[in-house]
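Below, each chain spelled out in residue letters.
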Amino acid sequence: MKRRTPWVLGKLHVLGIFITVLLLAAVATPPSASGADDAKEKEKARADIRKMEKETLSRLYKAQPQAKNAIAKAAGYAVFSNFGMKILVAGSGSGKGVAVNNATKKNTYMKMVEVQAGLGFGVKKFRLVWVFENQKDLDAFINSGWELGGQTSAAAQASGQGAAMAGAMSVAPGVWLYQLTDDGLALELTAKGTKYYKDSDLN
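None of the values given here were measured: they were computed from a predicted structure. (Residues numbered from 1 in each chain as written. Predicted model: local features only at pLDDT ≥ 70, side-chain atom pairs only at ≥ 80, totals over all residues. Heavy atoms only, no water.)

Trainee: Give a detailed account of the overall build of the protein chain, specifying residues and quantitative values.
Mentor: On a plain count of helices and strands, the protein chain comes out with 3 helices and 9 strands. A total of 203 residues make up the protein chain; the buried ones form 38% of that total. Taking the intrachain contacts of the protein chain between residues at least 6 apart in sequence as the baseline, contacts between residues at least 24 apart amount to 67%. (Helix = DSSP H or I, 4+ residues; strand = E, 2+ residues; numbered from the N terminus. Buried < 20%, exposed > 50% of the residue type's maximum accessible area, 1.4 Å probe, protein only. Contact = heavy atoms within 4.5 Å.)

Trainee: Tell me about the packing of aromatic side chains, residues and numbers included.
Mentor: Counted under the stated rule, the structure contains 9 aromatic pairs. Ring centres of W130 and F141 lie 5.0 Å apart, and the angle between their planes is 45°; this geometry places the pair in the tilted category. One end of the pair, W130, is in strand β4 (residues 127-132); the other, F141, is in helix α3 (residues 135-144), and 11 residues separate them in sequence. With a relative accessible area of 0%, W130 lands in the buried category. A residue is classified by how much of its surface remains accessible, and F141, at 0% relative accessible area, is buried. Each residue in the set F80, W130, F132, F141, W146 and Y196 is aromatic and connected to the rest through ring pairs, giving one cluster. (Phe/Tyr/Trp six-rings, centres within 6.5 Å; stacked < 30°, edge-to-face > 60°.)

Trainee: Tell me what's going on with α3, and back it up with residues and numbers.
Mentor: Within an α-helix, residues lying three or four positions from one another point in the same direction, as the helix has 3.6 residues per turn. When α3 is considered as a whole, its buried residues turn out to be D137, L138, F141 and I142. An end-on view of α3 places all buried positions within 130° of arc, on one side of the element. α3 presents K136, N143 and S144 as exposed residues on the side facing more than 90 degrees away from its buried surface. Looking at the residues trailing α3, positive phi occurs at G145, about 85°. (Arc of directions from axis to C-beta.)

Trainee: Before we move on, could you go through the pairing of strand β6 (residues 169-172) and cite the residues and values that matter?
Mentor: As defined by bridge partners, β6 adjoins strand β7 (residues 175-181) across 3 bridges and the pair is classed as antiparallel. What sits directly across from M169, in β7, is L177. In this structure, the hairpin formed by β6 and β7 is closed by a connection of 2 residues, where G174 is found at a positive phi of approximately 80°. (Pairing = 2+ DSSP bridges.)

Trainee: Break down the side chain of E53 for me, citing the residues and quoting the values.
Mentor: Structurally, E53 can be placed in helix α1 (residues 6-63). Notably, E53 is buried but unbridged: the nearest opposite-charge side chain belongs to K54, and the N-O separation is 4.8 Å. A distance of 2.7 Å separates a polar atom in the side chain of E53 from a polar atom in the side chain of Y77. (Lys, Arg positive; Asp, Glu negative; His and termini not counted. Salt bridge = Lys/Arg side-chain N within 4 Å of Asp/Glu carboxyl O. Polar contact = N/O pair within 3.5 Å; in protein donor to acceptor, adjacent residues only side chain to side chain.)

Trainee: I'd like a description of the pattern of salt bridges, backed by residues and values.
Mentor: If you walk through the whole model with that rule in mind, you get 6 salt bridges. When the shortest N-O distance is used, the salt bridge between R50 and E43 registers 3.2 Å. Overall, the relative accessible area of 37% leaves E43 in the partly exposed class. The salt bridge partner of K96 is D199, with a shortest N-O separation of 2.9 Å. Taken together, the positions of K96 in strand β2 (residues 94-101) and D199 in the segment after β9 (194-198) put the pair 103 residues apart, joining distant regions of the chain. Its relative accessible area of 24% is what places K96 among the partly exposed residues. Linked through salt bridges whose partners overlap, the residues forming this network are E43, R46 and R50.

In structure tokens, the structure reads:
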């Protein structure tokens, strides 16, 4: 058997290292590309939500011009939609939205889900605009979430009653809600049995 010289052994060693480096590079490349794709998808999701927010506010201001001033004076607001969102099992649905702090202009992306089946959320399409007069309520909504129970009942303020919030429904002291459907501004709350919480993927 021929004995390998140190020079040959050295070349084999270098070749082994080179092959190992190539293999490691090949293994490492897919996650990196996948990570970039994931980041692009998330940014697109954020952009879609911001576009929905602007469109919804534009629709609201057209239907109820006083809402623009009410939102501008508030501590913050949140906009949600289940238009074009996926329908889950048994007719329940999900939606997405964004909460905006008027003082810091910070966006917090959020989710909306149906927590009580059979209330029609999954088949009815609507957009919601929450208005928070106080910072405390806005922070609680973002950090602790909020749930509108199935028994929640609210009617929109008529023009004569507190004109500043005309068209909005009072769901708690200092917390108002506008609901938009295909027909325009809803006079009674139908988005019941829904829960709102921070989207861990988009923030």
